[in-house]
Amino acid sequence: MPSPPDTLAKADFMALSEFRYQMRRFERFSENAAQAEGITPLQYLLLLHIKGFPGRDWATVGELAERLQAQQHGVVALLGRCEAAGLVQRRPHAQDRRRVEVHLLPAGEEVLVRLAAIHRAELQSLHGVFTVPNLPRKP
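Residues numbered from 1 in each chain as written. Predicted model: local features only at pLDDT ≥ 70, side-chain atom pairs only at ≥ 80, totals over all residues. Heavy atoms only, no water.

**Digging into helix 4 (residues 72-84)**
One turn of the α-helix equals 3.6 residues, which is why residues spaced by three or four share an orientation.
1) Next: Over its 13 residues, helix 4 extends 18 Å from the first C-alpha to the last, a length consistent with the 18 Å expected when each residue adds 1.5 Å.
2) Next: Of the surrounding secondary structure, the elements contacted by the buried residues of helix 4 are helix 2 (41-51), helix 3 (61-68), strand 2 (88-92) and strand 3 (100-104).
3) Next: Positive backbone phi, approximately 75°, marks Gly86, located one or two places after helix 4. (Helix = DSSP H or I, 4+ residues; strand = E, 2+ residues; numbered from the N terminus. Expected span 1.5 Å × (residues − 1). Contact = heavy atoms within 4.5 Å.)

Below, the structure is given as structure tokens:
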């Protein structure tokens, strides 16, 4: 038999609601910023995850799918659109030809640098407003 759910107080629901509201506000900001640069929000995230991948300046399709929480075939389609726009380039992996490396092209880097700067400024403006709620833990 499942255990009964923890009882949450009104303040807990308010904290969760505020957190989701601030997340959505930031997401809307991000969507508008990407569209103002002529790319989609997913294209921005793809560029960000390539540049921000730990330890190197490229990522594989599978790694990008994980970062985007998307199916690989959807990421392949997204990559196709980004390649057509001159933002990224796929290259065969040096040691494993079954793997594909995804690299930023100069145009992708330029768009990403502009967008990352305004995202950073927006996040800094939210300091103290956008916080993870402190909810009671299960005993």
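Following the structure, the description resumes.
**Regarding the packing of helix 2 against helix 4**
Packed helix pairs are specified by the crossing angle of their axes together with the interaxial distance, meaning the distance between the axes.
1) Next: Between helix 2 and helix 4, the shortest axis-to-axis distance is 10 Å and the interhelical angle comes to 95°. In terms of axis orientation, helix 2 runs roughly perpendicular to helix 4. Across from Leu42, Gln43 and Leu46 in helix 2, the residues of helix 4 making contact are Val75, Leu78, Leu79, Arg81 and Cys82.
2) Next: Looking at the contact of helix 2 with helix 4 residue by residue, the class counts come to six nonpolar, one polar and one charged. (Axes fitted to C-alpha atoms, helices over the stretch in contact; angles between N-to-C directions. Parallel < 35°, antiparallel > 145°, perpendicular 65-115°, else oblique. Nonpolar A, V, L, I, M, F, W, Y, C, P; charged D, E, K, R; others polar.)

**A word on the nonpolar core**
1) Next: Formed by 24 residues in total, the largest nonpolar core has its most connected members in Ile39, Leu46, Leu47, Val75 and Val88.
2) Next: Of all elements in the fold, only helix 1 (10-36), helix 2, helix 3, helix 4, strand 3 and helix 5 (106-125) reach the threshold of two or more residues within this core.
3) Next: Dropping the residues within four chain positions of it, Leu47 is found in contact with Ile39, Leu87, Val88, Leu104, Gly108, Val111 and Leu112. (Core = buried A, V, L, I, M, F, W, Y, C linked by side-chain atoms within 4.5 Å. Buried < 20%, exposed > 50% of the residue type's maximum accessible area, 1.4 Å probe, protein only.)

**Describing the pattern of salt bridges**
1) Next: In total, this model carries eight salt bridges according to the counting rule given.
2) Next: Arg56 serves as the salt-bridge partner of Glu63, at 2.3 Å between the closest nitrogen and oxygen.
3) Next: By relative accessible area, Arg56 is classed as partly exposed at 24%.
4) Next: The partner of Asp96 in a salt bridge is Arg98, with the nearest N and O atoms 3.1 Å apart.
5) Next: The network of salt bridges with shared partners includes Arg24, Glu27, Arg28 and Glu31. (Salt bridge = Lys/Arg side-chain N within 4 Å of Asp/Glu carboxyl O.)

**Comments concerning the packing of aromatic side chains**
1) Next: Per the counting criterion, the structure on display carries one aromatic pair.
2) Next: Positioned above the aromatic ring of Trp58, the side-chain terminus of Arg56 is 4.0 Å from the ring centre. (Phe/Tyr/Trp six-rings, centres within 6.5 Å; stacked < 30°, edge-to-face > 60°. Lys NZ or Arg CZ within 6 Å of the ring centre and 35° of its normal.)

**Examining the sheet that holds strand 2**
1) Next: Here three strands make up an open sheet; going across it, the order is 1-3-2 and the pairing antiparallel. Two strands in the sheet have a free side with no partner beyond their single neighbour: strand 1 (58-60) and strand 2. Neighbour to neighbour, the strand axes of the sheet diverge by 30° on average, direction disregarded.
2) Next: As defined by bridge partners, strand 1 adjoins strand 3 across three bridges and the pair is classed as antiparallel. When the sheet's bridge partners are listed, Ala59 is paired in strand 3 with Val102. (Pairing = 2+ DSSP bridges.)

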